[in-house]
Protein chains: 2
Amino acid sequence: MPTLHDNADSGNCYKVRLAMAQLGRPFTRIEYDTDHGATRTPAFLVKNPNGRVPVLELDDATCLAESGAILWYLAAGTALLPADRLEQARVLHWMFFEQYSHEPYIAVVRHWIKHKLLDAARTAQLPERHAKGYAALDVMETHLATRTFFVGERYSIADIALYAYTHVAHEGEFDLSRYRHIAAWLDHVRAQPGYVAIDA
Amino acid sequence: MPTLHDNADSGNCYKVRLAMAQLGRPFTRIEYDTDHGATRTPAFLVKNPNGRVPVLELDDATCLAESGAILWYLAAGTALLPADRLEQARVLHWMFFEQYSHEPYIAVVRHWIKHKLLDAARTAQLPERHAKGYAALDVMETHLATRTFFVGERYSIADIALYAYTHVAHEGEFDLSRYRHIAAWLDHVRAQPGYVAIDA
């Protein structure tokens, strides 16, 4: 059975937990205190030299890092990833969008606020990070105005990748009340078979 | 023939130009002045609602954005992307690493310095961005100490994705002289058939 090197509050780890639950793949979890260097130890850096969770450790001790890469590995050949080349590229489009234009603002601000890590330098960055987070939400809202899911009108790992930090964006003091299409999409994700909550 | 909505100085655009050159795929280029809002016009936002280049516009007007997604689309089924599921996940690992842990530091600092965009707020961020950029280079150096290329000992889009901003990191005042394994890898990339320079 694979082992997920995990952090309960991390949306990046939750993406993997959600995908594995929906694919019916059992796994064991090892929890790391990421705020206090638990993923920067020599033993952990062997698993991921970049010092971050999630890491999925397979039965043969192969370690995969980066939530997007793990999602791809798990979903390939399943209903969570289209088989068509253009649709696969669209799925990756949204997954790269999430990591570059969404996570550094919405996830990072949430982490700072929720974990009480706001020093003066970070507080000074809040207005710009909030603005860029809202810009990402605006892009999602426009896309979802005419769609149920992000790619090909089917639930995929693109939805999982974007759901993870969007549904807890309020914990970073993002006001989601003006995003009705995002709200409908969040409900569609929660209604998917095998759904588990981030704190499950 | 596809059209690349492009910026000559952007490493993200260069990734696409390099891959297409190496795959022998002709394309036309349209240049955008990204420093002055040329990718934020209503006409451009139809092509990419996130307002960024590169965008690859196919013959049927389909538009693909996000450099990593475009690379995937171009490379699928070619020698630039392994066919094995685990190796594909490893390729994506390095592509996500580049967009999350490398580009926001090395590419962004290069852009600020090269384009003279360093105001007080950005200058205050330089030490942290340089530190995180060096951390990414350290991860690459360790990985390359025992390898010629990033995945499976074959040149792939993982190498293209990481080459684009690493080989111009000195323009962001990163000192690459201590990274001898990265230096050897840069030489291997430059020696690949069909290689073109960023300013070609």
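For the structure given in this document, a descriptive report is provided here. (Residues numbered from 1 in each chain as written. Chains lettered and ligands numbered in written order. Predicted model: local features only at pLDDT ≥ 70, side-chain atom pairs only at ≥ 80, totals over all residues.)

## Re the relation of the copies chain A and chain B
Comparison of the two chain copies shows a relationship of rotation about an axis with a shift along it.
Thought 1: Once chain A has been moved 0.0 Å along the axis and rotated by 180 degrees, it coincides with chain B to within an RMSD of 0.0 Å. The relationship between the two copies is best expressed as a two-fold rotation axis. Every residue of chain A has its C-alpha some distance from the rotation axis, and the shortest such distance is that of Tyr100(A), at 3.1 Å.
Thought 2: Comparing interface residues between copies, 100% of those in chain A also lie at the interface in chain B; the contact surface is shared. (Least-squares fit on C-alpha atoms with pLDDT ≥ 70 in both. Contact = placed C-beta atoms within 7 Å.)

## Details of the sheet that holds strand 1 (residues 3–6) of chain A
Residue and element names in this part refer to chain A.
Thought 1: Read from one edge to the other, the open sheet built from four strands follows the order 2-1-3-4, with strand pairing classed as mixed. The strands lining the two open edges of the sheet, one partner per strand, are strand 2 (28–31) and strand 4 (63–65). On average, each strand axis in the sheet is inclined to that of its neighbour by 20 degrees, with strand direction left out of account.
Thought 2: Relative to strand 3 (residues 55–57), strand 1 is paired through three bridges, and the arrangement is antiparallel. When the sheet's bridge partners are listed, Leu-4 is paired in strand 3 with Leu-56. (Pairing = 2+ DSSP bridges. Helix = DSSP H or I, 4+ residues; strand = E, 2+ residues; numbered from the N terminus. Axes fitted to C-alpha atoms, helices over the stretch in contact; angles between N-to-C directions.)

## Regarding the packing of helix 4 (residues 85–114) of chain B against helix 6 (residues 157–166) of chain B
All names here are of chain B.
Thought 1: In contact at an axis separation of 9 Å, helix 4 and helix 6 are set at 10 degrees when each is read in the N-to-C sense. One way to sum up the angle between helix 4 and helix 6 is to call them roughly parallel. Counted together, Val-91, Trp-94, Met-95, Glu-98, His-102, Glu-103, Ile-106, Ala-107 and Arg-110 of helix 4 and Ile-157, Ala-158, Ala-161, Leu-162 and Tyr-165 of helix 6 form the full contact between these two elements.
Thought 2: Classifying every residue of the contact of helix 4 with helix 6 gives 10 nonpolar, one polar and three charged. (Parallel < 35°, antiparallel > 145°, perpendicular 65-115°, else oblique. Nonpolar A, V, L, I, M, F, W, Y, C, P; charged D, E, K, R; others polar.)

## Here's the deal with the environment of Ala124(B)
Residue and element names in this part refer to chain B.
Thought 1: Within the secondary structure, Ala-124 is located in helix 5 (residues 120–144).
Thought 2: By C-beta crowding, Ala-124 is classed as exposed, having 12 other C-beta atoms within 10 Å.
Thought 3: Sequence separation of Ala-124 and Tyr-32 is 92 residues, and the distance between their C-alpha atoms is 29 Å. (Buried ≥ 20, exposed ≤ 12 C-beta atoms within 10 Å, placed from the backbone.)

Geometric values such as these leave the question of function open.
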